[in-house]
Amino acid sequence: MLVLVAPGQGAQTPGFLTPWLDLPGAADRIAAWSDAIGLDLAHYGTRADADEIRDTAVAQPLLVAAGLLSAAALGASPSAVAGHSVGEITAAALAGVIDDEAALRFVRTRGLGMAEAAAVTETGMAALLGGDPAVTIPHLEKLGLTAANINGGGQIVAAGTTAQIAALEADKPEGVRRVVALKVAGAFHTHHMAPAVEKLRAAVGDLTVSDPTVRYVSNADGHTVATGTEVIARLVGQVANPVRWDLCMETFQSLGVTALVELSPGGTLTGLAKRALPGVKTLALKTPDDLDTARALISEHAGA
């Protein structure tokens, strides 16, 4: 049984889109999406530096475009889809809830709204490596931080003001080995993002929505969602609420997933799966060179 997963913000690196644009029709698709949302995706995916693509308003559409482009090149029919943070929009398009252009328009609104919300207060996020969630989460709450991503595999991402992040670095929870600042421009999935939720809520009325055609696993709670309206409602609320990727992986396990392929720019979610889902075959699509290996894995596991 195959699940396709889409990574969240922070997975992007300078030039990562370059090899994908050499595939037949890829440059034309990127150009059409760029025109639709008023953002030069080809430039940001091939020539922009790390600081430029760290901008939330740029990073989010770029990640969804890359995910959809790599999924189209792969041509797989998964049994389930899921996404981490902004990757949920990619997953919604793959499940047929919204079409590709609508996904890009929606994520453009999301990215701009979250960038505006992040500009109000100086905030950030940091990954905690190691530790026990039962100890770590109360410690974060004591410092005024939110456990914004509970990723499983021993990883929690804290979010809050830069002062709160600095306090965390000076006062790590017991058992935490390292606190690593993330290359994101705000405290995503916290109350700091409330203004972005309102912008998205106002935008969803223009969407044409269908029910998922494959299992859609929501990172709000790891549940599968059967209706398109519920998927969209969760996409809106998710901006200011924690990502429970640990619960998504528990659902993959309960569904009997045997293979997991992470769309471009892959790596982060396969790393988590290797620790949390022993026995599940994983593959990250980093460049088109990975496609043949991915197809071989899919032929072995799809529909198992």
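Definitions and cut-offs
Residues numbered from 1 in each chain as written. Predicted model: local features only at pLDDT ≥ 70, side-chain atom pairs only at ≥ 80, totals over all residues. Heavy atoms only, no water. Helix = DSSP H or I, 4+ residues; strand = E, 2+ residues; numbered from the N terminus. Rg over C-alpha atoms; globule rule 2.2 N^0.38 Å. Buried < 20%, exposed > 50% of the residue type's maximum accessible area, 1.4 Å probe, protein only. Contact = heavy atoms within 4.5 Å. Areas by Shrake-Rupley, 256 points an atom, 1.4 Å probe, with all protein chains shown as cover. Lys, Arg positive; Asp, Glu negative; His and termini not counted. Charge placed at Lys NZ, Arg CZ, Asp CG, Glu CD. Polar contact = N/O pair within 3.5 Å; in protein donor to acceptor, adjacent residues only side chain to side chain. Axes fitted to C-alpha atoms, helices over the stretch in contact; angles between N-to-C directions. Parallel < 35°, antiparallel > 145°, perpendicular 65-115°, else oblique. Left-handed = near helix turned anticlockwise from the far one by under 90°. Nonpolar A, V, L, I, M, F, W, Y, C, P; charged D, E, K, R; others polar. Salt bridge = Lys/Arg side-chain N within 4 Å of Asp/Glu carboxyl O. Pairing = 2+ DSSP bridges.

A.B. asks: Quick one: what's the story with the overall build of the chain, residue by residue and with numbers?
C.D. replies: Looking only at helices and strands, one finds 13 helices and 9 strands in the chain. Relative to the globule expectation of 19 Å for 304 residues, the C-alpha radius of gyration of the chain, 18 Å, shows essentially globular dimensions. Its C-alpha atoms give the chain principal-axis dimensions of about 50 × 45 × 35 Å. When each of the 304 residues of the chain is scored for burial, the buried share is 54%. Look at the contacts in the chain between residues 6 or more apart in sequence, and 73% of them connect residues 24 or more apart. Working note: accessible area of the chain is about 12000 Å², and carbon and sulfur atoms make up 50% of it. The average position of the 21 basic charges and that of the 31 acidic charges among the side chains of the chain differ by 5 Å.

A.B. asks: Go over the side chain of S218 with me, naming the residues and quoting the values.
C.D. replies: In this structure, S218 sits in the loop between β7 (215–217) and α10 (228–238). For S218, the side chain forms a polar contact with the main-chain nitrogen of A220, separated by 3.1 Å. Among the polar contacts made by the side chain of S218, one reaches the side chain of R234 at a distance of 2.9 Å. Not counting residues within four places of it along the chain, the set of residues in contact with S218 comprises E88, H223, V225, R234 and C248.

A.B. asks: With reference to specific residues and values, describe the side chain of S34.
C.D. replies: Residue placement: S34 occurs in helix α1 (residues 26–37). A residue is classified by how much of its surface remains accessible, and S34, at 11% relative accessible area, is buried. Polar side-chain contacts of S34 include one of 2.8 Å to the backbone oxygen of I30. Polar contacts involving the side chain of S34 include one to the main-chain carbonyl oxygen of L39, which spans 3.1 Å.

A.B. asks: Quick one: what's the story with helix α11 (residues 245–255), residue by residue and with numbers?
C.D. replies: If you check which residues of α11 are buried, you get W245, D246, C248, M249, T251 and F252. Along its buried surface, α11 packs onto β1 (2–6), β2 (80–83), β4 (146–152), β7, β8 (259–262) and α12 (268–276). Among the residues trailing α11, G256 stands out with phi positive, at a value near 85 degrees.

A.B. asks: Describe the packing of α1 against helix α6 (residues 100–120), naming the residues involved and giving the relevant values.
C.D. replies: Taken N-terminus to C-terminus, the directions of α1 and α6 make an angle of 45 degrees; their axes are 10 Å apart at the nearest point. One element, α1, and the other, α6, form an angle in the oblique class. As for how α1 packs across α6, the hand of that crossing is right-handed. Residues R29, W33, A36 and I37 of α1 lie in contact with α6, whose contacting residues are D100, E101, L104, R105 and R108. Its residues assigned to classes, the contact of α1 with α6 comprises 4 nonpolar, no polar and 5 charged.

A.B. asks: An account of the pattern of salt bridges is requested, with residue identities and associated values reported.
C.D. replies: One side chain can pair with another of opposite charge once the charged atoms of both are near each other. Using the criterion set out here, one finds 9 salt bridges in the structure. For R244, the salt bridge identified is with D246, shortest N-O distance 2.8 Å. The class of D246 is buried, set by a relative accessible area of 14%. Several salt bridges converge on common partners, so that one network encompasses D221, E230 and R234.

A.B. asks: Could you give an account of the environment of L129, with specific residues and numbers?
C.D. replies: Along the polypeptide, L129 turns up in strand β3 (residues 123–130). Judged by relative accessible area, L129 falls into the partly exposed class, the value being 22%. Distance in space between the C-alpha atoms of L129 and V180 is 8.0 Å, their sequence separation being 51 residues. Residues in contact with L129, not counting those within four places in the same chain, are G154, Q155, V176, R177, R178 and V180.

A.B. asks: Give me the pairing of β1: which residues, what numbers.
C.D. replies: Most of β1 is tucked away: 5 of the 5 residues are buried. Burial of the side chains of β1 extends over both faces: L2, L4 and A6 are buried on one face and V3 and V5 on the other. Bridge count between β1 and β8: 4 bridges; the pairing is parallel. Note on β8: the bridge partner recorded for V5 is E262.

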